[in-house]
Amino acid sequence: MIEVFRHDTAQEISLASLKIRLSEKEEIENPNNVKVITDNNGFALYFSRSVIPFHREISYNISYFKHIGVYAFRKEALLQFSKLEMKPLEISEKIECIRYLEYGMKIKMIETNFIGVGIDTPEDLEKARKLI
């Protein structure tokens, strides 16, 4: 994620985060996995606990991505973010990075293959215990 900022000489990116490809139906449909869709330049369009995008045209192969809640902020962006009030979409989905989008700011998403252990639910804790 740091490389994103090093290559951003115009300093247009104030926040970066990670995404990982999902392939298992159970993982795609799990509301505890926050999904993210991006534009052609890798900027987040939306985050949701629902399945996004909706796969209506089954003849077209679509990719799904899970948002990994690791963030890299420029200092000014972090200070600004801490002062922003929650808006309706963030409140509804309970996903803090939606606040950034609701205020019209951009989040650069970087695809990774790293699989860490996130513990957000009792089931996640049990999976982590089994890995240890």
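Computed from a predicted model, the values in this text were never measured in an experiment. (Residues numbered from 1 in each chain as written. Predicted model: local features only at pLDDT ≥ 70, side-chain atom pairs only at ≥ 80, totals over all residues. Heavy atoms only, no water.)

S.K.: I'd like to hear about the pairing of strand β1 (residues 15-22), residue by residue, with values.
M.R.: Burial within β1 is extensive, with seven of its eight residues counted as buried. Pairing of β1 with strand β4 (residues 64-73), which is carried by eight bridges, proceeds in the antiparallel orientation. Looking at the pairing, Leu18 lines up with Ile68 of β4. For β1 and strand β5 (residues 108-111), the ladder comprises four bridges, and the chain directions are parallel. Its bridge partner lying in β5, Leu18 is registered against Ile110. (Buried < 20%, exposed > 50% of the residue type's maximum accessible area, 1.4 Å probe, protein only. Helix = DSSP H or I, 4+ residues; strand = E, 2+ residues; numbered from the N terminus. Pairing = 2+ DSSP bridges.)

S.K.: Please give an account of the nonpolar core that cites residues and values.
M.R.: Val36, Ala44, Phe47, Ile95, Tyr100, Ile107 and Met109 are the most contacted members of the largest nonpolar core, which totals 17 residues. For this core, the elements supplying multiple residues, two or more each, are β3 (44-48), α3 (75-81) and α5 (97-102). With four residues, α5 is the single largest residue contributor to this core. If we ignore the near neighbours within four places in the chain, the residues touching Tyr100 are Ser14, Leu15, Phe73, Ala77, Phe81, Met105, Lys106 and Ile107. Counting residues in each nonpolar core, the second largest holds six residues, with Val4, Phe5, Ala16 and Ala72 among its members. (Core = buried A, V, L, I, M, F, W, Y, C linked by side-chain atoms within 4.5 Å. Contact = heavy atoms within 4.5 Å.)

S.K.: An account of a nonpolar patch on the surface is requested, with residue identities and associated values reported.
M.R.: On the surface, a nonpolar cluster with roughly 370 Å² of combined accessible area is contributed by Val117, Ile119, Leu125 and Leu131. Within the secondary structure, Leu131 sits in helix α6 (residues 122-131). Judged by relative accessible area, Leu131 falls into the exposed class, the value being 64%. (Patch = residues over 30% accessible without salt bridge, like charges linked within 9 Å, V, L, I, M, F, W, Y side chains within 5 Å. Areas by Shrake-Rupley, 256 points an atom, 1.4 Å probe, with all protein chains shown as cover. Salt bridge = Lys/Arg side-chain N within 4 Å of Asp/Glu carboxyl O.)

S.K.: With reference to specific residues and values, describe the confidence of the model for the chain.
M.R.: When pLDDT is averaged along the chain, the result is 91; 100% of the residues meet or exceed 70. Put simply, α6 is where the chain has its lowest mean pLDDT, 84, and strand β2 (residues 35-38) is where it has its highest, 98. (pLDDT = per-residue confidence, 0-100.)

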